[in-house]
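Listed below are the residues making up each chain.
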Amino acid sequence: MEIDLGLLRTIEREKEIPFDELARIIEQAVLTAYAKHTSPTGEPIEGARASLDRRTGHVAVYVPVTDDEGAIIGEEEHMPDDFGRIAAYAAKQVISQRLRDIADDAVLGEFRGKEGDIVAGVIQQGPNPKMIHVDLGSVEAILPPEEQVPGEDYSHGQRIRVYVTSVAKGTKGPQITVSRTHPGLVRKLFALEVPEIASGVVTIESLAREAGHRTKIAVLASDPAINAKGACIGELGRRVRAVTEELSGEKIDIVDYSPDLPSFVASALSPAKVTSAFVLDAATKAVRALVPDYQLSLAIGKEGQNARLAAKLTGAKIDIQPDSILDEN
């Protein structure tokens, strides 16, 4: 059996696989094919070896030669009839697999660095309508149902930004899982739109999200000369509006973070105005917030959403009461 050494040298240059590694791959593939071809159990003959001549490209299988007492006295080339075709096919298959593995490893290396980051892609039609495929250029990612925002449009050909949640090596190549519901998506979008967040001057201290409906973020500036909320909102609201548009109209409340829990709760209940807030139980972080009677429903929000997100944002148990409760006492 003859191997085209010129082809191996081309693969070495283009795919950056050392020539000796290619030779060893071929030798192992030929030896494995030989064992399957000659042994009922598929086990290689003890002492058998395959060799690729690095100068001529000749591939041969050598088996031990023994004397009458069973002692090995040398080796001889053994190539069964029709084995050349089988060996060539085996070598081709194993090299093809190695090239696929290298391509997969390159993709994995590229996207492992993007785990926990956002990437842009184009939505593709897949065999399962519930599993959205996103073309990221060198690989297709999967947006599973639990990572999809209810009611969001995932039409074929639409450009979309997604958050990379996991990168793994699967049986059919790299498996990239992405999300549109992950809170990290909001963090990364603000980092793209707000230079102060990207530089670390403004930080998102806390974030609570109900994907597709509303997000609350608490921000803090390390420089007292910078207005953290103003930086995130941007001139005429351009920065926060850009994030809202990317999230298909999801409402975003930006509030000031405070280490003082009652003050933080008062900010977190925005857009409602809180008259006063105070701690009921420090151990359980229970806080009572008083709001004007006419703003009670606004503070609680539709189906309790505003209060629920404020509690998640602050980590407090919030008891919202109208100002009139003071008149009753």
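Thresholds applied
Residues numbered from 1 in each chain as written. Predicted model: local features only at pLDDT ≥ 70, side-chain atom pairs only at ≥ 80, totals over all residues. Heavy atoms only, no water. Helix = DSSP H or I, 4+ residues; strand = E, 2+ residues; numbered from the N terminus. Rg over C-alpha atoms; globule rule 2.2 N^0.38 Å. Buried < 20%, exposed > 50% of the residue type's maximum accessible area, 1.4 Å probe, protein only. Contact = heavy atoms within 4.5 Å. Areas by Shrake-Rupley, 256 points an atom, 1.4 Å probe, with all protein chains shown as cover. Lys, Arg positive; Asp, Glu negative; His and termini not counted. Charge placed at Lys NZ, Arg CZ, Asp CG, Glu CD. Salt bridge = Lys/Arg side-chain N within 4 Å of Asp/Glu carboxyl O. Pairing = 2+ DSSP bridges.

J.: Before we move on, could you go through the overall build of the protein and cite the residues and values that matter?
T.: Within the protein, the secondary structure is distributed over 11 helices and 14 strands. The C-alpha atoms of the protein give a radius of gyration of 32 Å, which is well past the 20 Å a tight globule of 329 residues would have. With respect to the three principal axes, the spread of C-alpha positions in the protein is 110 × 40 × 40 Å. The proportion of buried residues among the 329 residues of the protein is 40%. Considering only contacts in the protein between residues 6 or more positions apart, those separated by 24 or more positions represent 57%. Taken as a whole, the protein presents about 17900 Å² of accessible surface, with 50% of it coming from carbon and sulfur. For the protein, the distance from the average site of its 37 positive side-chain charges to the average site of its 50 negative ones is 7 Å.

J.: Requested: an account of the pattern of salt bridges, with residues and values cited.
T.: Counted by the stated rule, this structure contains 15 salt bridges. The partner of Arg 308 in a salt bridge is Glu 210, and the shortest N-O contact between them spans 2.6 Å. Within this pair, whereas Arg 308 is found in helix H10 (residues 305–314), its partner Glu 210 is found in strand E9 (residues 202–210), the two being separated by 98 residues in sequence. Judged by relative accessible area, which is 39%, Arg 308 ranks as partly exposed.

J.: Talk me through the pairing of strand E8 (residues 173–179); I want residue IDs and the actual numbers.
T.: Looking down a regular strand, the side chains alternate between one sheet face and the other. Counting buried residues along E8, 5 of its 7 residues qualify, which places the element largely inside the surrounding structure. Pairing geometry for strand E6 (residues 140–143) and E8, over 2 bridges, is parallel. Residue Ile 142 lies in a different strand from E8, and its bridge partner there is Thr 177. Bridge count between strand E7 (residues 159–170) and E8: 7 bridges; the pairing is antiparallel.

By themselves, these observations are geometric and do not establish any function.
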